[in-house]
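Below, each chain spelled out in residue letters.
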Amino acid sequence: MEKYMWTTCESSLNNDDPPSQQSLTIIRSLIVNPHTSISTITSILETLTRSLKLTTRRHILKLLTDLASHRPHLSSSIFNSIHSSPPTDLDSLTALASISEQNPNLKIELDDGLFVSMCFSCGTVSNRLWLLKNGDKFGVSVQVLLTLFLGFTKDPYPYVRKEALDGLVRLCKCGVVFEDNESVIEGCYSRGVELLNDFDDCVRFSAVNLVSEWGLMIIAANQEENKKDWSDTVFMQLCSVARDMSMGVRVAAFSAVGKIQMVSEEILLQTLSKKVRPIAKEKKSHSLHTAEKLKSLVANAAGAFVHGLEDEFYEVRRSACYSLHKLVILSAEFAARALNLLMDVLNDNSMVVRLEVLEILHHMAASDCLDVQEMQMHMFLGTLVDINDVIRSSARKVFKLMKLSNLELFQLSIDSLLENLDMYPQDEDDVFSVLFYMGRSHKDFTASIIKKVSREIEPDSNGNISLDSARIAAFLVLSISAPLSGDQRCQSIPPRFFSYAVTLLGRISFALKDILDQDALLEYLFQCSRAPVSSNMEVEGEEPSLPSINAYVGTHNVIDASDPVLTPLLQTGVEKSEFHSIISVESGDVGDSYAECQLDEHDQMRKSMNLMVANVKDVWQLVQSSCIDTALKTLRACKEEVAMIASSFSESTSVLAFMSQYIKIMTLLAKIWRHIVRKGQSYEIGELEILLGKLERKLREMRCKFIGFSKEEESHVLELVVLACILRLFKLEICCYRTTLKRLSATISRLEFLHEEGSIQLSNFVGEVKRTLHGSATSVGGYG
């Protein structure tokens, strides 16, 4: 069938008569069909190549172009066939250009004279446009193209003038150097300036681009003493069309203005004032030959940005903001005056424009040229409670870098951030981060604010503190930020505030993840909480009341434990049958700091606790002997004894809280051990997973909620973590195997570090796990 179809069409191509439409359709269907045989394609190529000699060959060229497109391996042969007979018509050039686009290695070499002749002899405007648009693809010399483009800028048809201007812009971007380079550059620039007043919008649009590109080339080509003069001239020339009738031209003008990076301050200030200011020129201008021309340009540039930011089209307002973004860093006075306009634009109806303004303010803050006054601040603060979350986020980025000049502005900013937090709780992480940055940048102001609100942070008369309040949490973030700067003036922050902050470790560390990780934050809070208390922040005549520890027991920590390779800088634990350290406990609700209490106050309680620890250690022997029920009864008795001891003291202590947590962990271990002994009962697998999850959570709570332990106590809790990992690996669930193995490896590494410091001796249990871990990762799962 394929052969028959081709044979039928081949005869029509061999005749001198033009091929019928039906024959052309059949041939094209054979070309585009990927299943057409190679022999048929070869025959089609040979026949079409011979048919190029026909006088009516437009359809033949189109078929050859399709053949090159669908059979790329034949494109070179087709290209050479068309190019071998000098292409004197537009159809041949179109075919060659199309094939060369698909294969960049194929270059069109066209005689300069032939190309010029085709440009002037082509009958239609569309053909002339096509030649000007693709002239640089035909190997025509740059001098010829420059002459043609300059000539056609005076063509009676506006689209031809536009294409000629675009061609000149392309030549400029190529960085071509001409024989009389300075004269050529000034000539092209002058032609663009003339066409800024063209009647057609599209021509003026292209003229703006030409003035911008060739103007930048003039600036670069001139000597240092003339650069600024030319920069001012090009800048004012572009500003003169900022009030053009066409929206597109105004957008292009403002975009081009932003590319000029060397402008006199007096001219910049003129663009912000509609009243024409006197521009002093002490030296002779090389770019403007008459004072009248300078005066005219200054008048045209007056208030350019005022009009741009007040334009009815948001595209123009956005383009004007883009230019200001580039120019505000050139002059401090210009930045200060532009700020008044920008604050008004913060109320713009377009979110895109408001975002562009916030980007400018961020750029100004980063360049240390953002000086917001009180009246401006009131307008700016509104963005923090904007209904759009993108606007609020962009505004907070500015506040991170702002330098406020007085306490009143700082207080206004903090109040607005708290209002942001109250109205949009989902912004908490970002608000906390901003507060931290602002606290570090304004240390004195931060200390003053914290002194005023210290009563809000302190516990009430019952010893309770509402750390779940977003406002209190925000003040804690602000208070811990100032000492991080290392400034001694900020040491008036009470150390107990850092203890309170530990209770919010998860929330704070997530918000500050771009500054420091959770372990570093915990270490920092721990160190600051142990610093001596400064008296100048205390309420005169009162002792600071400490929050009750009762609310802590049983609470959940908000620490993020998603990282499987968690190697904390601070761990906790109990190794021996005695407590060697003062233990402080922090929770999600309350916080205690007993770093200054005396050991004598709790001697009786500690003796009781030491006896209980010895009993708990004996429980483990019962567990290993499979006397699980007896072990659980003993642990319940220990729990009741802790509650009884707590009721005997006027205030609860962190030691009791730790003991309660420790008993819960041992209870979970006993229950898990019972499940492992009965591993054949598959119906208990789900419950085992729940128990393992609780055990891991309780161990995480113990490691981050308690501070101030000895290395021996720390090592004991680490061994409990190792045991929990072993029990998790015992299940051999592939989904958590790698994660658990990494956690186990990290914990072993921490124990080895403590051992290398000479603080502890590794137990036989840890040594065996270490050897097994190094020997075979899979064997760890069976270690019990």
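Residues numbered from 1 in each chain as written. Predicted model: local features only at pLDDT ≥ 70, side-chain atom pairs only at ≥ 80, totals over all residues. Heavy atoms only, no water.

**Overview of the overall build of the chain**
Reasoning step 1: Looking only at helices and strands, one finds 36 helices and two strands in the chain.
Reasoning step 2: Counting the 784 residues in the chain, one finds 53% classified as buried.
Reasoning step 3: For the chain, the share of sequence-separated contacts (at least 6 apart) that also reach a separation of at least 24 residues comes to 74%.
Reasoning step 4: Entry remark: accessible area of the chain is about 36000 Å², with carbon and sulfur atoms responsible for 52%. (Helix = DSSP H or I, 4+ residues; strand = E, 2+ residues; numbered from the N terminus. Buried < 20%, exposed > 50% of the residue type's maximum accessible area, 1.4 Å probe, protein only. Contact = heavy atoms within 4.5 Å. Areas by Shrake-Rupley, 256 points an atom, 1.4 Å probe, with all protein chains shown as cover.)

**What about the packing of helix α4 (residues 58-70) against helix α6 (residues 90-102)?**
Reasoning step 1: Where α4 meets α6, the closest approach of the two axes is 10 Å, and the angle between their N-to-C directions is 5°. Classified by the angle between their axes, α4 and α6 sit roughly parallel to one another. Of α6, the residues touching α4 (which contributes Arg-58, Leu-61, Thr-65, Ala-68 and Ser-69) are Asp-91, Ser-92, Ala-95, Ser-98, Ile-99 and Gln-102.
Reasoning step 2: Of the residues in the contact of α4 with α6, the class split is four nonpolar, five polar and two charged. (Axes fitted to C-alpha atoms, helices over the stretch in contact; angles between N-to-C directions. Parallel < 35°, antiparallel > 145°, perpendicular 65-115°, else oblique. Nonpolar A, V, L, I, M, F, W, Y, C, P; charged D, E, K, R; others polar.)

**Considerations on the pattern of salt bridges**
Reasoning step 1: Following the criterion strictly, the structure yields 22 salt bridges and no others.
Reasoning step 2: Two residues, Asp-66 and Lys-62, come together in a salt bridge whose shortest N-O distance is 2.9 Å. Placement of the pair is Asp-66 and Lys-62 together in helix α4, with a separation of four residues, close to one helical turn.
Reasoning step 3: Lys-62 gets classed as partly exposed once you look at its relative accessible area, which sits at 46%.
Reasoning step 4: Each of Arg-392, Arg-396, Asp-427 and Asp-430 takes part in salt bridges that share partners, so that together they form one network. (Salt bridge = Lys/Arg side-chain N within 4 Å of Asp/Glu carboxyl O.)

**A short note on the packing of aromatic side chains**
Reasoning step 1: Inspection of every chain in the model, using the stated rule, returns eight aromatic pairs.
Reasoning step 2: Seen from their ring centres, Phe-380 and Phe-399 are 5.0 Å apart, and the 0° between their planes marks the pair as stacked. Here the residue Phe-380 occupies a position in helix α21 (residues 374-381), and Phe-399 occupies one in helix α22 (residues 389-401), the gap between them amounting to 19 residues.
Reasoning step 3: With centroids separated by 5.9 Å and ring planes inclined at 35°, the aromatic side chains of Phe-497 and Tyr-500 adopt a geometry described as tilted. On the criterion of helical spacing, the pair formed by Phe-497 and Tyr-500 is a turn pair, its members being three residues apart in helix α27 (residues 495-502).
Reasoning step 4: Owing to a relative accessible area of 1%, Tyr-500 belongs among the buried residues under this scheme.
Reasoning step 5: Ring pairing ties together the aromatic residues Phe-254, Phe-305 and Phe-334, which thus form one cluster.
Reasoning step 6: The residue whose ring lies beneath Arg-392 is Tyr-424, and the NZ or CZ to ring-centre distance is 3.6 Å.
Reasoning step 7: In this structure, Lys-513 packs its charged tip against the face of Phe-510, placed 4.1 Å from the ring centre. (Phe/Tyr/Trp six-rings, centres within 6.5 Å; stacked < 30°, edge-to-face > 60°. Lys NZ or Arg CZ within 6 Å of the ring centre and 35° of its normal.)

**Side note on a positive patch on the surface**
Reasoning step 1: Residues Lys-633, Arg-636, Lys-639, Lys-671 and Lys-694 make up a contiguous surface patch of positive charge.
Reasoning step 2: No other element matches helix α31 (residues 628-648), which puts three residues into the positive patch.
Reasoning step 3: Position of Lys-694 relative to the elements: it lies in helix α33 (residues 685-705).
Reasoning step 4: According to the relative accessible area criterion, Lys-694 is partly exposed, its value standing at 37%. (Patch = residues over 30% accessible without salt bridge, like charges linked within 9 Å, V, L, I, M, F, W, Y side chains within 5 Å. Lys, Arg positive; Asp, Glu negative; His and termini not counted. Charge placed at Lys NZ, Arg CZ, Asp CG, Glu CD.)

**A look at helix α19 (residues 332-345)**
Because the α-helix completes a turn every 3.6 residues, residues three or four places apart line up on one side.
Reasoning step 1: Helix length check: α19, at 14 residues, gives a terminal C-alpha distance of 20 Å against a target of 20 Å (1.5 Å per residue), a fit within 8%.
Reasoning step 2: Maximum bend of α19: about 30°, positioned at Leu-339.
Reasoning step 3: Residues of α19 that are buried: Phe-334, Ala-335, Ala-338, Leu-339, Leu-342, Met-343 and Val-345.
Reasoning step 4: Residues of α19 that are buried make contact with α15 (265-270), α17 (304-309), α18 (314-327), α20 (351-366) and α21. (Expected span 1.5 Å × (residues − 1). Bend = angle between axes of the 7 residues up to and from the residue.)

**Considerations on the nonpolar core**
Reasoning step 1: Grouped together as the largest cluster of nonpolar side chains are 170 residues, with contacts concentrated most on Phe-235, Phe-305, Leu-361 and Phe-380.
Reasoning step 2: A per-element tally of this core places helix α12 (residues 201-221) first, with ten residues.
Reasoning step 3: When residues no more than four places from it in sequence are discounted, the contact partners of Leu-361 are Leu-339, Leu-342, Met-343, Leu-346, Leu-370, Phe-380 and Val-398.
Reasoning step 4: Residues Ile-665, Ile-676, Leu-691 and Val-721 belong to the second largest nonpolar core, which totals 50 residues. (Core = buried A, V, L, I, M, F, W, Y, C linked by side-chain atoms within 4.5 Å.)

**Thoughts on helix α11 (residues 181-194)**
Reasoning step 1: With 14 residues, α11 extends 20 Å from end C-alpha to end C-alpha; this agrees with the ideal 20 Å at 1.5 Å per step.
Reasoning step 2: Against the buried residues of α11 lie α9 (142-152), α10 (158-173), α12 and α13 (224-239).

**Some words on unusual backbone geometry**
Reasoning step 1: For Asp-368, which is not a glycine, the phi torsion comes out positive at approximately 60°.
Reasoning step 2: Tracing the chain through its elements places Asp-368 in the loop between α20 and α21.
Reasoning step 3: For Asp-368, a relative accessible area of 61% puts it in the exposed group.

**Comments concerning the confidence of the model for the chain**
Reasoning step 1: On average, residues of the chain score 76 in pLDDT, and 75% of them are at 70 or above.
Reasoning step 2: Here strand β1 (residues 584-585) stands out as the least confident element of the chain, with mean pLDDT 36; helix α14 (residues 247-257) is the most confident, with 94.
Reasoning step 3: The model gives residues 776-784 a pLDDT under 50, and that stretch makes 21 contacts with residues more than four places away or in other chains. (pLDDT = per-residue confidence, 0-100.)

**Quick word on the packing of helix α2 (residues 21-32) against helix α3 (residues 38-50)**
Reasoning step 1: Put simply, α2 and α3 touch, their axes get as near as 10 Å, and they point 135° apart. Put simply, α2 runs oblique to α3. Every pair of crossing elements has a handedness; the one defined by α2 and α3 is left-handed. Each of Ile-27, Leu-30 and Ile-31 in α2 lies in contact with α3, whose residues at this interface are Ile-41, Ile-44 and Leu-48. (Left-handed = near helix turned anticlockwise from the far one by under 90°.)

**Topic: the side chain of Thr-36**
Reasoning step 1: Mapped onto the secondary structure, Thr-36 falls in the loop between α2 and α3.
Reasoning step 2: A relative accessible area of 7% means that Thr-36 is categorised as buried.
Reasoning step 3: There is a polar contact of 3.2 Å between the side chain of Thr-36 and the backbone oxygen of Asn-33. (Polar contact = N/O pair within 3.5 Å; in protein donor to acceptor, adjacent residues only side chain to side chain.)

**Some words on the environment of Ile-515**
Reasoning step 1: Relative to the helices and strands, Ile-515 is located in the loop between α28 (505-511) and α29 (518-529).
Reasoning step 2: When the C-alpha positions of Ile-515 and Tyr-437 are compared, they lie 9.4 Å apart, and in sequence the two are 78 residues distant.
Reasoning step 3: Apart from residues lying up to four places away in sequence, Ile-515 is in contact with Phe-436, Tyr-437 and Arg-440.

**Digging into the side chain of Asp-386**
Reasoning step 1: Mapped onto the fold, Asp-386 is located in the loop between α21 and α22.
Reasoning step 2: On the basis of relative accessibility, which here comes to 15%, the residue Asp-386 falls in the buried class.
Reasoning step 3: Within the structure, the side chain of Asp-386 is placed 2.8 Å from the backbone nitrogen of Asn-388, a separation counted as a polar contact.

**Quick notes on the environment of Leu-381**
Reasoning step 1: In this structure, Leu-381 sits in helix α21.
Reasoning step 2: Take Leu-381: its relative accessible area is 9%, and that puts it in the buried class.

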